[in-house]
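Structural overview for review
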There are 2 protein chains.
Amino acid sequence: MQINDLLENTGEWLKGQGEDADIVISSRARLARNLVQFPFISRATQAQRRRLEELLRDTITTACADANLSYFPLAEASALDSRVLMERHLISRELAEGKGPRGVAISPDETISVMVNEEDHLRMQAIHSGLDLKNTWEEISGIDNALEAHLNYAFSPKLGYLTACPTNVGTGLRVSVMLHLPGMVITKQIEKAFEAVTKMNLAVRGLYGEGTQAHGDFYQISNQITLGRSEEELLESVGAVVPALVTYERMARQTLLKENRPTVEDRVFRSLGVLQNARIISSQEVLLHLSSLRMGINLGLISEIKPEVVNELFILAQPAHLQKLEGRELGEHGRDIARAGFMRRQLGMN
Amino acid sequence: MQINDLLENTGEWLKGQGEDADIVISSRARLARNLVQFPFISRATQAQRRRLEELLRDTITTACADANLSYFPLAEASALDSRVLMERHLISRELAEGKGPRGVAISPDETISVMVNEEDHLRMQAIHSGLDLKNTWEEISGIDNALEAHLNYAFSPKLGYLTACPTNVGTGLRVSVMLHLPGMVITKQIEKAFEAVTKMNLAVRGLYGEGTQAHGDFYQISNQITLGRSEEELLESVGAVVPALVTYERMARQTLLKENRPTVEDRVFRSLGVLQNARIISSQEVLLHLSSLRMGINLGLISEIKPEVVNELFILAQPAHLQKLEGRELGEHGRDIARAGFMRRQLGMN
């Protein structure tokens, strides 16, 4: 598999399937692991990183043969290819923009990715469409077990798995869900809801993880704590809050429709109008309008556009994907023009 | 003729015909006249105003029989009807919102209107589509001569025609052209051009005359001075500046298209997208988008919408016209919803 092949298909997690998929975009479980016989990445020499990459690459492909993972060494990859992987949520910004021996193994449907030489020796994630924490956890746990049979993980009986950053020590597990909450944003309930979520020791983040802003009404909820809790407890803590947020969001949308239908329709159709007509548009602005469009489709206001088309446009509208689709490198202004043209074609305009 | 009949047709000056009609919306000539035997309106009693209205109404209909003018007494008219006349530029805001005996005589094609008991006893205007100052002047001059044959105008051999406000003393003539100058606004040439225009003793005003702001890139250029100049000199002074502004505007548009076509197209098509999709829209916002649309049509970027349709929408989108079209009185929010629906239907959407 080549990185370009990824663009031919939509990742499983973007298919808009699964429980509460109108509001829960995806469920994700991520494990951090390190090997006993190597120092943490930040202290490893180039030679050690190289040996780590070789060892882990071989182990991943043999131990997880069932998962049919393809390994992409990133030291050799172009900046554009790395950015494509990042935009697809298959690697972190740190790995994309990092240096030296590092890479990622990806399953054909993009549900599994295993990063090598990120902050930890191994960062593996499973990501599923909709609310599906249990299966997501079981899938990545299977990968973890398969690898553990061949690798000597750094593990303390007292603390659990040892990681480069103390916040990951213990289970090394981060469970997260990506939610689309435009209704709560419009009705101004979002801050209050997130205060409650934060009090439950959960973190709220934007579309691209830690330190990023929430754009287009997308929010990631994840566990803050990984130490002193079992994996099941962590799953439970994130899983417990999601149904409440889904209910609130549904109520907010219905209240809006009932009490202020023209305002909701105005927002949704103006976004459609901009996406179908703009000649220059930034990825940031596209995100906002796609968010409105997604809400409009889920509310039944727009029927001629399929939700999975919109889900995919979120990814394809981003700078690296856009350049791949156009088949050439483009500056910001050129991308904004190309993006507008791409949106028009995808949304049925000439 | 009833006021409702006006809505069945487009005024001649909105047909988008005549010289330079892509940039010069209309040419207008207005005369102020007062009768010797009555005090100025501000000093006239109710009884005097009533007698003035009766006298002028009879004289207008008999003396100008060829022009086939219909007289609308405004003391009895609804606020909505008065506002319709104002939105069609047939009467001033002062007359629309005034009190007591007053009215207006209008020709079937709306090129001529004669206001009775405005600031002066008589305010008569002719308005033509495109750049057509000479014919506009001759038409209103004909009406003026016909009336003068039956009326005793207040006239001083030294000063000329006497008017309520000293700024109109002399010829009592105001000549104006309404220009659409989006290109010069975008290229930021407009202020400099207007500085030059002002130095030539001409005034620059917005869409609804004195004291109003320019909206949607429409500007009215008119003579400041009416005393000590002949009518021909005044016509000449306004007429001389228009070709230059038309040339500058054409150059600005071509420069924009050549150097920044995507930016121009983006502006034009986003406006089209908003007008075709919004569910709530103010008259102010409509004006801005119709202005872009009008430029887009004149630049050949949009071919499926006719310029006269857009010209008419400028009038029909306004509050009183909208309520007439909807057949009921509406509050602001109701109008904004109805206006959005009207725009969608007029621009080929459901």
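Worth saying up front: this structure is predicted, and the values here are computed from it rather than measured.

1. Here we look at the overall build of chain A
Per the secondary structure count, chain A includes 12 helices and 10 strands. Taking 2.2 N^0.38 as the reference for a compact globule, 350 residues should give roughly 20 Å; the C-alpha atoms of chain A span a radius of gyration of 21 Å, in line with that estimate. With the principal axes as the frame, chain A shows a C-alpha extent of 65 × 45 × 30 Å. Sorting the 350 residues of chain A into buried and exposed places 57% on the buried side.

2. A word on the interface of chain A and chain B
Of the residues lining the interface, 16 residues belong to chain A; the matching set on chain B comes to 16 residues. Roughly 1400 Å² of surface becomes buried between chain A and chain B when both sides are summed, with 55% attributable to carbon and sulfur atoms. In terms of surface lost to chain B, no three residues of chain A exceed R270, N277 and R279 of chain A, which account for 40% of the buried area on that side. At the junction of chain A and chain B, the tally comes to 2 salt bridges. Taken together, the connections running from chain A to chain B amount to 8 residue pairs in polar contact (both at pLDDT 80 or more). Examining the composition of the side of chain A that touches chain B, we find that 10 residues originate from one element, helix α8 (residues 231-277) of chain A, more than from any other.

3. Quick word on the pairing of strand β10 (residues 218-223) of chain B
Residue and element names in this part refer to chain B. Most of β10 sits inside the fold, with 6 of its 6 residues counted as buried. Along β10, one buried face is formed by F218, Q220 and S222 and the opposite face, lined by Y219, I221 and N223, is buried too. Both strand β8 (residues 173-180) and β10 contribute to a ladder of 5 bridges, which runs antiparallel. Its bridge partner being in β10, L179 is matched across the sheet by Y219. When strand β9 (residues 202-205) meets β10, the two strands line up antiparallel, connected through 4 bridges. Residue pairing for β10: A203 is matched across the bridge by S222.

4. What about the side chain of T163 of chain A?
Residue and element names in this part refer to chain A. One can find T163 in the loop between β7 (160-161) and β8 (173-180). From its side chain, T163 meets the backbone nitrogen of V169 in a polar contact 3.0 Å long. When near neighbours in sequence (up to four residues on either side) are disregarded, T163 contacts A32, N34, F40, D120, N168 and V169.

5. So, unusual backbone geometry
Residue N68 of chain A is not a glycine yet carries a positive backbone phi of 55 degrees. Mapped onto the elements of the fold, N68 of chain A is located in the loop between α2 (46-63) and β2 (70-73). One non-glycine residue with positive phi stands out, namely H89 of chain B, at about 65 degrees. Using a relative accessible area of 16% as the deciding quantity, one classes H89 of chain B as buried.

6. Focus: the packing of aromatic side chains
With the rule as written, the count across this model stands at 8 aromatic pairs over all chains. A centroid spacing of 4.8 Å and a plane angle of 70 degrees characterise the contact between F155 of chain A and Y161 of chain A, whose relative ring orientation is edge-to-face. The buried category is assigned to Y161 of chain A, whose relative accessible area is 11%. Across the ring face of Y161 of chain B, the terminal group of R33 of chain B is positioned such that the distance to the ring centre comes to 3.5 Å.

7. Quick look at the relation of the copies chain A and chain B
Mapping chain A onto chain B leaves a residual RMSD of 0.0 Å; the transformation is a rotation of 180 degrees accompanied by 0.0 Å of translation along its axis. Here the symmetry operator amounts to a two-fold rotation axis. Measuring from the rotation axis to each C-alpha of chain A, the shortest distance belongs to G273 of chain A, at 2.1 Å. The residues that chain A uses at the interface reappear at the interface of chain B in 100% of cases, marking a shared surface.

8. Comments concerning the domain arrangement of chain A
All names here are of chain A. As assigned here, chain A comprises domain 1 (3-238) and domain 2 (260-346). For domain 1 and domain 2, the distance between their C-alpha centroids amounts to 27 Å. Contacts between the two partners involve 29 residues from domain 1 and, on the opposite side, 20 residues from domain 2. Overall, the association of domain 1 and domain 2 removes approximately 2100 Å² of surface from exposure, summing both partners, and the carbon and sulfur fraction of that is 62%. When the buried surface of domain 1 facing domain 2 is broken down by residue, L14, L80 and E87 rank first, second and third, together holding 26% of it. Inspection of the domain 1/domain 2 interface yields 2 salt bridges. Residues D81 and K324 are paired through a salt bridge, measuring 2.4 Å at the closest nitrogen-oxygen approach. The interface formed by domain 1 and domain 2 holds 13 residue pairs in polar contact (both at pLDDT 80 or more) in total.

What counts and how
- Residues numbered from 1 in each chain as written.
- Chains lettered and ligands numbered in written order.
- Predicted model: local features only at pLDDT ≥ 70, side-chain atom pairs only at ≥ 80, totals over all residues.
- Heavy atoms only, no water.
- Helix = DSSP H or I, 4+ residues; strand = E, 2+ residues; numbered from the N terminus.
- Rg over C-alpha atoms; globule rule 2.2 N^0.38 Å.
- Buried < 20%, exposed > 50% of the residue type's maximum accessible area, 1.4 Å probe, protein only.
- Contact = heavy atoms within 4.5 Å.
- Buried area = accessible area lost by both parts, 1.4 Å probe.
- Salt bridge = Lys/Arg side-chain N within 4 Å of Asp/Glu carboxyl O.
- Polar contact = N/O pair within 3.5 Å; in protein donor to acceptor, adjacent residues only side chain to side chain.
- Pairing = 2+ DSSP bridges.
- Phe/Tyr/Trp six-rings, centres within 6.5 Å; stacked < 30°, edge-to-face > 60°.
- Lys NZ or Arg CZ within 6 Å of the ring centre and 35° of its normal.
- Least-squares fit on C-alpha atoms with pLDDT ≥ 70 in both.
- Domains from an automatic or database assignment.

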